[in-house]
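Coordinate inspection notes
In case you want the letters, here they are:
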Amino acid sequence: MKLRTSILALSAILFATLPAVAQNYAIDPAHSAINFSIKHMAISTVRGRFAIKSGNITFDAKNAAKSSVTAVIDVASVDTGVEKRDGHLKSPDFFDAAQFPTAIFTSSTVKRAGDGYEVIGTLTLHGVTKPVTLHMDAPSKEQIGMDGKPHRGFSATTTLHRQDFGLNWNGPLKSGDNVLGDDVPMTFDIEAGQI
């Protein structure tokens, strides 16, 4: 009886000291960004990026349904490498960054999909909220960062139809094509530190 009691007590101590399966991370803005591309005149591709201001990720490797993502995107940080074009993108013709300086992605469901995950949620951009699905790779292994805490990398992709968010500016070409494409592939590259 004493042996059984000792084993139970030892088991309780061991399980009490084990970390929770779900791990919580804060997005590191200095090492995170969203990269995008868009067709120009149906003949070339213009690429750009947005900074991520903040956000949190909960990741549960054993139960994906317990995972979640929230990311605040700095719309005013849009950078395509051309100052004049970036100014136009921040204007009311496009993102109207003065009125809508941030965009927010909030997940509602995370589930396994092959070797990765499907992250379903909503994106609020330009004052419009729409459902969006991110296709996320399996997270990186953990590394100890300069802050002494475990860090992980997360990468996900999606394609937005910009007119869904009221980003309608365009112009016709003599060929019948538009100046800008409507579909915008995006890649979320995120580093996050455990909290």
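Before any of the text, the structure's been laid out above.
Below or above, wherever it landed, is the structure these notes cover. Along each chain, residue indices are assigned from 1 in the same order as the chain's sequence is written. Reporting in this predicted model follows two pLDDT cut-offs: at least 70 for local features of residues, and 80 or more for side-chain atom pairs to be given and counted; totals over whole chains, interfaces and linings ignore these cut-offs and use all residues. No hydrogens and no water enter the side-chain calculation; it runs on all heavy atoms of the structure.

**Points about the pattern of salt bridges**
Where we set the bar: By salt bridge we mean one thing: a side-chain nitrogen of Lys or Arg within 4 Å of a carboxyl oxygen of Asp or Glu. A run of H or I in DSSP becomes a helix once it reaches four residues, and a run of E becomes a strand once it reaches two; helices and strands are each numbered from the N terminus. Here the term buried applies to any residue with accessible area under 20% of the maximum for its type, exposed to any over 50%, and partly exposed to those in between, with areas from a 1.4 Å probe on protein chains only.
Tallied over the full model, the rule gives two salt bridges. One salt bridge connects Asp182 with Arg162, and the closest N-O pair in it is separated by 3.7 Å. Taken together, the residues Asp182 in the loop between strand S9 (150-161) and strand S10 (183-194) and Arg162 in the loop between S9 and S10 connect sequence positions 20 residues apart. Look at Arg162 and you get buried, because its relative accessible area is 5%.

**A few points about the nonpolar core**
The tendency in soluble globular proteins is for nonpolar side chains to be buried as a group. Under the convention used in this document: The nonpolar core is taken to be a set of buried Ala, Val, Leu, Ile, Met, Phe, Trp, Tyr and Cys residues, with the residues joined through side-chain atoms within 4.5 Å. Any two residues whose heavy atoms approach within 4.5 Å are treated as being in contact.
In terms of nonpolar packing, the biggest core is built from 42 residues, with Phe50, Phe95 and Leu123 touching the most fellow members. Sequence-distant contacts of Phe95, defined by excluding residues within four places in its chain, comprise Phe50, Val75, Val78, Leu89, Lys90, Phe100, Leu125, His126 and Leu167.

**A short note on empty space enclosed by the protein**
For clarity, the threshold we go by: Put plainly, a pocket is an open set of points on a 1 Å grid over the protein atoms alone with protein on both sides within 12 Å along at least five of seven lines, a cavity is a set where a 1.4 Å probe fits but cannot get out, and a lining residue has an atom within 4 Å of a point. Grid points are joined across faces, edges and corners, and a volume is the space filled by probe spheres set on the points. For this scheme, ten residues count as nonpolar: Ala, Val, Leu, Ile, Met, Phe, Trp, Tyr, Cys and Pro. Four count as charged, namely Asp, Glu, Lys and Arg, and the remainder, Gly too, count as polar.
Evaluation of the coordinates by the stated rule reveals one cavity of 30 Å³ or more. Taken as a whole, the largest cavity holds about 100 Å³ of empty space. Residue lining of the largest cavity: Ile57, Val69, Ala71, Phe105, Val119, Leu134, Met136, Phe154, Ser155, Ala156, Phe188 and Ile190, and that is the complete set. Secondary-structure elements contributing two or more residues to the lining of the largest cavity are strand S4 (68-79), strand S7 (128-136), S9 and S10. If you tally residues by element for the lining of the largest cavity, the top one is S9, at three residues. Its residues assigned to classes, the lining of the largest cavity comprises 11 nonpolar, one polar and no charged.

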